[in-house]
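# Fold and geometry: a report
Listed below are the residues making up each chain.
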Amino acid sequence: MKKAEIVVDKSFLTGEVDRRIYGSFIEHLGRAVYQGIYQPDSPFADEQGFRKDVLKLIRELNVPVVRYPGGNFVSGYHWEDGVGPKEKRPSKLDLAWCVIENNQFGLNEFVDWAKKADTEVMMAVNLGTRGAEDAKNVLEYCNIKGGTYYSDLRREHGYEAPHNIKLWCLGNEMDGPWQMGHKTADEYGRLAEETGRIMRMVDPSVELVACGSSYLDMPTFGTWEATVLDHCYDQVDYLSLHQYYGNRDGNTPDFLASSVGMDEFISSVVSICDYVKAKKHGKKKINLSFDEWNVWYHSNEADKKLEKWVQAPHQLEDVYNFEDALLVGSMLITLLRHADRVKIACLAQLVNVIAPIMTSDTGAWRQTIFYPYMHASTMGVGTVLNTIVKAPVYASSFGDAPYLDSVVIMNEENETLTIFAVNKDLEEDMEVTCDLRQFAGYHVAEHIVMTHDDMKAENTEANPDTVVPHTGGISKVENGRLCAVLGRHSWNVIRLTK
Ligand code: AHR
């Protein structure tokens, strides 16, 4: 059995967890909106056409914020097409995903749906085919009480009170050549500055996210971030990161090491934000919004064969397996270990499209990745401790990868310590110890484990409970020392209380 040690000190703090780190994302893409969250002709639909079975699962996930309406989709979107009487809404081509968008679901429906899902809205504006003027209009529509053209239009549409949406993304992946209206860093940086300044004139209380690189390997990574922030540092609060991983060559240990790459990505972007702050003699810290992250590769080949210009096709419908859930657990741990700077993160996406929840006409079910996400979002509340982890490592294409990924969260109010941990070793169990003498009287209340003999095991509609967690983990505190056995390839949640 391998051995590892986690060293904790209750005075060594990384930072408070901002619950928005457990956010997610709904884009007008595939069956995320239509047949996902909205399906008026379904027996599961409520009076507004929202799927109640899906809402129930989303509430289980305890999602604090959902980004909307894209994604690539937003870069060609006219939000006005999706408000007002449904019979008057136009059907249009969505060039991002080569489908037809009938606009039967739009901004107001999303705000209503978010209330039912107990979540906040993170809205993106179109800085691809549109610009500052349009961003001003949609903000006026959403956040101004009344007495102006757009705010009165909202009231005419049946929404007397403003939506008061606080969190706004200034476009999406504007560095990507696939993006409608993609831009150079200078072009985008200037546009983000201008748009941010105008939006703050409409509502000074908004929080704004500027687009970072679409992924770490973009050729412009680094200079993009520095140039964009050079222009818009004064106007924005967060810089975005996006990253997806996949086990394309069937090398599971290497796939599980992807979180090392994510960790370095975050550290690099933090450094760039701080470089720009220093250069400008700035007072403000730019924090990170990791607003797209997940595993995404299973559906790539099938998506190439999709018929174009249809409505709500089965697009990006990755069926996740057990090893994907392990990596999602590790990615959550990685985000948490950067809780001092990562304030927002969105698992992309939420329903049907690279998602923890799937639907059919006859029901909804939880994919494997649902569970680590739910555990983190329901139990990962408090202050992240700055731990030292002594664990054996293995060589990977991301460099040395520790077999143990872990994070410890202290919640003084509830007198709990929560440890999320992944043992990435495919062969051996691991004994993990931790000196807890500073936490006198704490004992193990629960040790949740998720594992499966088959790394490729999946949850499907026919067999939705193939990979599920159980509470039979082995751990105990003796003489002030936690001793836990983490089974080979397992996700673990150890809850300690007084
Ligand atoms: O989440 C799917 C897509 O991935 C988004 O539309 C885009 O922003 C990213 O490339």
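What this report covers is the structure whose coordinates are included nearby. (Residues numbered from 1 in each chain as written. Predicted model: local features only at pLDDT ≥ 70, side-chain atom pairs only at ≥ 80, totals over all residues. Heavy atoms only, no water.)

## Things to note about the site of the ligand
We count it as follows: We call a residue near a molecule or strand whenever a single non-hydrogen atom of that residue lies within 4 Å of it. Nitrogen and oxygen atoms within 3.5 Å of one another constitute a polar contact, given that in protein one can donate a hydrogen and the other can accept it, and given that sequence-neighbouring residues count only through two side-chain atoms. Per-residue and other accessible areas follow the Shrake-Rupley method at a 1.4 Å probe size, with only the shown protein chains counted as cover for residues. Every definition here rests on a 1 Å grid over the protein atoms only: cavities are sets of points where a 1.4 Å probe fits but cannot get out, pockets are open sets enclosed by protein on both sides within 12 Å along at least five of seven lines, and lining residues have some atom within 4 Å of a point. If over half the atoms of a molecule are within 2 Å of the grid points of a cavity or pocket, the molecule is regarded as sitting in it.
As a structural note, the neighbourhood of the ligand is formed by F25, E27, G71, N72, W97, N172, E173, Y244, E292, W296, Q349 and I354. A distance of 2.7 Å separates an oxygen atom of the ligand from a polar side-chain atom of E292. Between the ligand and Q349 there is a distance of 3.0 Å, counted from an oxygen atom to a side-chain nitrogen or oxygen. Protein chains bury 95% of the 280 Å² of accessible surface belonging to the ligand in isolation. When atoms are counted within 2 Å of each cavity's grid points, the one that captures over half of the ligand is the largest pocket.

## What about the packing of helix α1 (residues 52-61) against helix α11 (residues 370-379)?
This is how the line gets drawn: Axes here refer to lines fitted to C-alpha atoms; in helices the fit is confined to the stretch in contact. Angles between the N-to-C directions go from 0 to 180 degrees. Secondary structure counts use DSSP, requiring at least four H or I residues in a row for a helix and at least two E residues in a row for a strand, with both numbered from the N terminus. The cut-offs work like this: below 35 degrees is roughly parallel, past 145 is roughly antiparallel, 65 to 115 is roughly perpendicular, and the gaps in between are oblique. Contacts: residue pairs with any heavy atoms within 4.5 Å of one another. Classification convention: Asp, Glu, Lys, Arg as charged; Ala, Val, Leu, Ile, Met, Phe, Trp, Tyr, Cys, Pro as nonpolar; all other residues, Gly among them, as polar.
At their nearest, the axes of α1 and α11 sit 8 Å apart, and the two run at 55° to each other. In this view, α1 runs oblique relative to α11, as classed from their interaxial angle. Facing α1, whose interface residues are L57, E60 and L61, α11 presents F370, Y373, M374, S377 and T378. For the contact of α1 with α11, the residue count by class is five nonpolar, two polar and one charged.

## A word on the sheet that holds strand β22 (residues 443-450)
The test is simple: Think of it this way: DSSP has to see at least two bridges between two strands before they count as a pair.
Taken in spatial order, the six strands line up as β2-β15-β19-β20-β25-β22 in an open sheet, and their pairing is antiparallel. Of all strands in the sheet, those with a lone pairing partner are β2 (13-16) and β22, marking the two edges. For this sheet the average axis-to-axis angle between neighbouring strands, irrespective of direction, equals 20°. Each of β2, β15 (383-385), β19 (404-411), β20 (416-423), β22 and β25 (490-497) is contacted by helix α10 (residues 322-337), which is oriented at about 50° to β19, the strand it contacts most. Sheet strands touched by α11: β20, β22 and β25. Its angle to β25, the strand with the most contacts, is close to 20°.

## Some thoughts on the pairing of β25
Note the threshold: Classification of residues uses two cut-offs on accessible area relative to the type maximum, computed with a 1.4 Å probe and protein chains only: under 20% is buried, over 50% is exposed, and between them is partly exposed.
Among the eight residues that make up β25, six are buried, leaving the element largely enclosed by the rest of the structure. Inspection of the sheet shows β20 paired to β25 by eight bridges, in the antiparallel sense. Bridge pairing in β25 links T416 to T497. Bridging between β22 and β25 involves seven bridges; their strand directions are antiparallel. Considered in β25, the bridge of H443 is made with T497.

## Some remarks on the layout of surface pockets
Rules: Grid points are joined across faces, edges and corners, and a volume is the space filled by probe spheres set on the points.
In this structure, the largest pocket occupies an estimated 570 Å³ of space. Where the lining of the largest pocket is concerned, the elements lending two or more residues are β10 (238-245) and α8 (258-279). Broken down by element, the residue count for the lining of the largest pocket peaks at three residues, all from β10. Here the residues of the lining of the largest pocket sort into 13 nonpolar, eight polar and five charged.

## Quick word on empty space enclosed by the protein
Under the defined criterion, the tally for this structure stands at four cavities of 30 Å³ or more. Empty space within the largest cavity amounts to approximately 100 Å³. Y68, P69, V74, Y77, W79, L107, M123, A124, V125, N126, D134 and V138 are the residues that line the largest cavity. For the lining of the largest cavity, the elements supplying multiple residues, two or more each, are β7 (120-125) and α3 (132-143). Residue contributions to the lining of the largest cavity peak at three residues, all from β7. Looking at the lining of the largest cavity, its residues break down into ten nonpolar, one polar and one charged. In this structure, the second largest cavity occupies an estimated 70 Å³ of space. Taken together, 13 residues form the lining of the second largest cavity, with L29, G30, V99, E101 and A312 sitting closest to its centre. Take the lining of the second largest cavity: its biggest share by element is three residues, from strand β6 (residues 99-101).

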